[in-house]
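Spelled out, the chains give:
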Amino acid sequence: MSKRNPEYDFKWCPGCGDFGVVRGIELALADRVNRLKEPIENTVLVSGIGCSGNLVHLQEGPQPYGFHGIHGRTLPIAWGVKTSRPELNVLIAAGDGDFLSIGGEHIGPQAKRNLDVTVVVMDNGIYGLTKGQASPTTGFGVITPTTPYGKLEEPMRPLELYLALGVSFVASAVSSRPKELAQFIAQGMDHRGFSIVHVQSPCTTYNDTYEALKGNPAKGIEPAAYPVPDGHDASDLDAATRLVRQKGVPVGIVYRNPDSVPLQDRLTEARERTKVRTRDVDALLTGLHI
Ligand SMILES: Cc1ncc(C[n+]2csc(CCOP(=O)(O)OP(=O)(O)O)c2C)c(N)n1
Ligand code: SF4
Ligand SMILES: [Mg+2]
């Protein structure tokens, strides 16, 4: 994507949380360009399918390369981009359905490889584009077109899942605070290894969670979102796990593995070893050992 496509007529609904996410990404990329003196074209933004996936067409201002992928397969696409062009900064934007449901099987392997990409998960607790069906993060008992008698499954707890799978950087954010979100995304992109910024991004049409996240004292609603406590040690996996098991939505850097070794370093090291073996094979083939 070199400029915004004027023929692309998709529009988000008024108040959709995804507006805050797109702003967060724009700010994080502008910061990266300024700080690292890296051209914005060095970033490839891979998105999935959903209201969230349309983000790739809705960037304002200077544009990264964009790849509007297929549902649930942002990680395989990003893996291909990063392993063939390791010098590129690869950023992913995917919905909760896309990333955690159809695409859920890809998270574990990429966490174990420590693929050096950053994922921004846009969690509205629903399938927005296809008109409000239940997603993995939809709450228990919630009525949707696919759960007319109330959802029978407990909601998935993505932050716990990421930590259990070995994701080496995990942040949690809300879309209504795009500047803060931008800082988390920037830190995720700076991290060498697999980073996920999980964003609560309310769907004003099918699952409006603004009030639940922010709270409303007049109605006696406590805010679900709270800042990660100052004393939290993000390098401590046990502390991170305890934090995400608490009630509510922590906002901040949850975990950063200080010993993270990205896949690219392992590949480089493996190639060094392979070179030696190739020389031996060459020598055998040319008869030099005989
Ligand atoms: C393989 C495949 N299965 C199903 C669909 C239909 N589909 C498109 S978007 C979507 C769900 C989107 O939900 P989510 O990823 O949470 O994104 P949101 O729209 O909420 O941002 C589904 C089921 C599809 N496009 N491709
Ligand atoms: S349906 Fe929901 S997620 Fe999709 S654009 Fe509208 S408010 Fe946003
Ligand atoms: Mg969704």
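Scoring rules and cut-offs
Residues numbered from 1 in each chain as written. Chains lettered and ligands numbered in written order. Predicted model: local features only at pLDDT ≥ 70, side-chain atom pairs only at ≥ 80, totals over all residues. Heavy atoms only, no water. Near = heavy atom within 4 Å. Nonpolar A, V, L, I, M, F, W, Y, C, P; charged D, E, K, R; others polar. Polar contact = N/O pair within 3.5 Å; in protein donor to acceptor, adjacent residues only side chain to side chain. Areas by Shrake-Rupley, 256 points an atom, 1.4 Å probe, with all protein chains shown as cover. Helix = DSSP H or I, 4+ residues; strand = E, 2+ residues; numbered from the N terminus. Buried < 20%, exposed > 50% of the residue type's maximum accessible area, 1.4 Å probe, protein only. Pairing = 2+ DSSP bridges. Salt bridge = Lys/Arg side-chain N within 4 Å of Asp/Glu carboxyl O. Arc of directions from axis to C-beta. Contact = heavy atoms within 4.5 Å.

A. Main features of the site of ligand 2. In the vicinity of ligand 2, the residues found are Trp-12, Cys-13, Cys-16, Cys-51, Asn-124, Cys-203, Thr-204, Thr-205 and Tyr-206. Residue classes in the shell around ligand 2 are distributed as six nonpolar, three polar and no charged.

B. Representation of the site of ligand 1 within the structure. Neighbouring residues of ligand 1: 16 residues in total, closest Cys-51, Ser-52, Asp-96, Asp-98 and Gly-128. Note that an oxygen atom of ligand 1 is positioned 2.7 Å from one of the backbone N or O atoms of Asp-98. In the environment of ligand 1, an oxygen atom lies 2.8 Å from a nitrogen or oxygen atom belonging to the backbone of Gly-128. Here ligand 1 loses 72% of its free accessible area of 590 Å² to cover by the protein chains. By residue number, the principal contributor to the shell around ligand 1 is helix α3 (residues 96-102), which donates four residues. When the residues that make up the shell around ligand 1 are grouped by side-chain class, the tally is six nonpolar, eight polar and two charged.

C. Highlighting the pairing of strand β3 (residues 89-95). Taken across its seven residues, β3 has seven buried, putting it largely inside the fold. Of the two faces of β3, the one carrying Asn-89, Leu-91, Ala-93 and Gly-95 and the one carrying Val-90, Ile-92 and Ala-94 are both buried. As paired elements, strand β1 (residues 43-47) and β3 share five bridges and run parallel to each other. Residue pairing for β3: Leu-45 is matched across the bridge by Leu-91.

D. Broad picture of the pattern of salt bridges. Across all of its chains, the model carries 13 salt bridges by this definition. A salt bridge links Glu-180 to Arg-177; its shortest N-O distance comes to 3.3 Å. Taking the shortest distance from any N to any O, the salt bridge between Glu-269 and Arg-273 comes out at 3.0 Å. Separated by four residues within a single helix, Glu-269 and Arg-273 lie in helix α9 (residues 263-285), roughly one turn from each other. Overlapping salt bridges, with partners in common, bring together Asp-31, Arg-32, Arg-35, Glu-38 and Asp-190 in one network.

E. Structural detail: helix α8 (residues 237-245). Where α8 is concerned, the buried positions are Ala-239, Ala-240, Leu-243 and Val-244. Projected onto a plane normal to the axis of α8, the buried residues spread over an arc of 125 degrees and lie on a single side. Opposite the packed face of α8, turned more than 90 degrees from it, sit the exposed residues Asp-238, Arg-242 and Arg-245. Buried positions along α8 lie against α5 (158-165), β7 (225-227) and β8 (249-256). At the N-terminal end of α8, a side-chain oxygen is found 2.9 Å from the backbone nitrogen of Asp-238, two or three residues along, and the residue is Asp-236.

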